[in-house]
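Here's the letter readout for the chains.
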Amino acid sequence: MSTATLAAPAAAVTTSARAGRVDNRGTYLSFGLAYVLGHGAAAVSRGDDPLVHLPGWLPMTLLGAGLAVGTVFATLTAARAQRGAGPADVLSGRLLGLSWLLAFGALSLAITGLTSTVDSPGLADVLWPAGSGLVVGLLYISEGAVRRNVLHYSLGTWLALVSTASLAFGTPGLFWGLAVAGGGGYAVATVLEHRRLTR
């Protein structure tokens, strides 16, 4: 039996074990709270007959704070996943990290272009939350595929579908969809991630 034959299974076990160690609970919980509180605040305070009158800045502040905390958790999780990784895995991780910047840069250009050519004052208010959810969902799908994490992949699929389907409901229906279905998806993923890691 050659040395190459013995080395291949060991490398596969190491990569699989590293993928299994990635703990997304902090990220899922933070992003889930951001969806529930931020989009929830927008849902109850926007539209023709809002349930509650809130300052216009509050929903975005709640959403932004939750997303900022979630981003810190996601960055720490990605750094932990890179420990002891080989050059190919490190490159994949870096390219995935860069894809977040590129995707949101492209989204920003698309929304800026659309809002400057289409005469619809509230268009950006609808496109940003739905577009962000779509981008995050697609990136989760990519990360799930690279890390062989079916839960991450499934959550990405859910977020992409919920975000785009919510566009059909206008305002405040869009925000209700993101708060309930999007935030609920993160809540379910947090529970399932805990079970996955304790197995």
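Fair warning: this is a prediction, and the values are worked out from it, not measured in the lab. (Residues numbered from 1 in each chain as written. Predicted model: local features only at pLDDT ≥ 70, side-chain atom pairs only at ≥ 80, totals over all residues. Heavy atoms only, no water.)

1. As for helix 2 (residues 25–45)
Piece 1. Compared with an ideal rise of 1.5 Å per residue, which puts 21 residues at 30 Å, helix 2 spans 29 Å between its outermost C-alpha atoms and is within 8% of the ideal.
Piece 2. In terms of burial, helix 2 is a largely internal element, 15 of the 21 residues being buried.
Piece 3. Gly-47 occupies a position one or two residues after helix 2 and carries a positive phi of about 100°. (Helix = DSSP H or I, 4+ residues; strand = E, 2+ residues; numbered from the N terminus. Expected span 1.5 Å × (residues − 1). Buried < 20%, exposed > 50% of the residue type's maximum accessible area, 1.4 Å probe, protein only.)

2. As for the pattern of salt bridges
Piece 1. What the rule picks out here adds up to 2 salt bridges.
Piece 2. With a closest N to O distance of 2.7 Å, Asp-23 and Arg-25 form a salt bridge.
Piece 3. Owing to a relative accessible area of 22%, Asp-23 belongs among the partly exposed residues under this scheme.
Piece 4. The shortest N-O distance in the salt bridge between Arg-196 and Glu-193 comes to 2.9 Å. Linking Arg-196 with Glu-193, this pair stays in helix 7 (residues 170–198), spanning 3 residues, or about one helical turn. (Salt bridge = Lys/Arg side-chain N within 4 Å of Asp/Glu carboxyl O.)

3. Observations concerning the layout of surface pockets
Piece 1. Here the largest pocket is characterised by a volume of approximately 880 Å³.
Piece 2. Contributing to the lining of the largest pocket are 41 residues, with Phe-31, Thr-71, Trp-100, Phe-104 and Val-136 lying nearest its centre.
Piece 3. Looking at the lining of the largest pocket, the elements with two or more residues in it are helix 2, helix 3 (57–82), helix 4 (87–117), helix 5 (123–147) and helix 7.
Piece 4. Taken together, the residues of the lining of the largest pocket break down into 22 nonpolar, 14 polar and 5 charged. (1 Å grid on protein atoms, 1.4 Å probe; cavity = no way out; pocket = protein on both sides within 12 Å on 5 of 7 lines; lining within 4 Å. Points joined across faces, edges and corners; volume = space filled by probe spheres on them. Nonpolar A, V, L, I, M, F, W, Y, C, P; charged D, E, K, R; others polar.)

4. Focus on the side chain of Thr-27
Piece 1. With respect to the helices and strands, the residue Thr-27 is situated in helix 2.
Piece 2. Given the relative accessible area of 4%, Thr-27 is considered buried.
Piece 3. Once you skip the residues sitting within four places of it in the chain, Thr-27 turns out to touch Gly-70, Phe-73, Ala-74, Thr-77 and Tyr-140. (Contact = heavy atoms within 4.5 Å.)

5. Considerations on the confidence of the model for the chain
Any region with low pLDDT has predicted coordinates that should not be read closely.
Piece 1. Summing up the model confidence of the chain, the mean pLDDT is 86 and the portion of residues at 70 or higher is 89%.
Piece 2. No element of the chain has a lower mean pLDDT than helix 1 (residues 3–21), which averages 42, and none a higher one than helix 6 (residues 150–165), which averages 96.
Piece 3. Note that pLDDT drops below 50 for residues 1–17; the model gives that stretch 4 contacts with residues more than four away or on any other chain. (pLDDT = per-residue confidence, 0-100.)

6. Describing the packing of aromatic side chains
Piece 1. This model, assessed by the stated rule, comprises 7 aromatic pairs.
Piece 2. Aromatic pair Tyr-28 and Tyr-140: ring centres 6.5 Å apart, planes at 55°, arrangement tilted. Remark: Tyr-140 occurs in helix 5 and Tyr-28 occurs in helix 2; sequence separation between them is 112 residues. As far as burial versus exposure is concerned, Tyr-28 and Tyr-140 are alike and both buried.
Piece 3. The interplanar angle of 90° and the centroid separation of 6.3 Å between the aromatic rings of Tyr-140 and Tyr-186 together place this pair among those described as edge-to-face. Here Tyr-140 is found in helix 5, whereas its partner Tyr-186 is found in helix 7, with 46 residues between them in sequence.
Piece 4. Accessibility expressed as a relative area gives 2% for Tyr-140, which makes it buried.
Piece 5. Ring-pair connections join several aromatic residues into one group, and the members of that group are Tyr-28, Phe-31, Tyr-35, Trp-100, Phe-104, Tyr-140 and Tyr-186. (Phe/Tyr/Trp six-rings, centres within 6.5 Å; stacked < 30°, edge-to-face > 60°.)

7. Notes on a nonpolar patch on the surface
Piece 1. Together, Leu-29, Leu-33, Val-36, Leu-37 and Leu-62 make up an exposed nonpolar region whose accessible area comes to about 410 Å².
Piece 2. Residue placement: Leu-29 occurs in helix 2.
Piece 3. On the accessibility criterion, Leu-29 (47% relative accessible area) is partly exposed. (Patch = residues over 30% accessible without salt bridge, like charges linked within 9 Å, V, L, I, M, F, W, Y side chains within 5 Å. Areas by Shrake-Rupley, 256 points an atom, 1.4 Å probe, with all protein chains shown as cover.)

8. Structural notes on unusual backbone geometry
Piece 1. Of note, the amide linkage connecting Thr-171 to Pro-172 takes the cis form, showing an omega dihedral of 10°.
Piece 2. By the secondary structure assignment, Pro-172 is in helix 7.
Piece 3. Unusually for a residue other than glycine, Arg-148 sits at a positive phi of about 55°.
Piece 4. With respect to the helices, strands and loops of the structure, Arg-148 is situated in the loop between helix 5 and helix 6.

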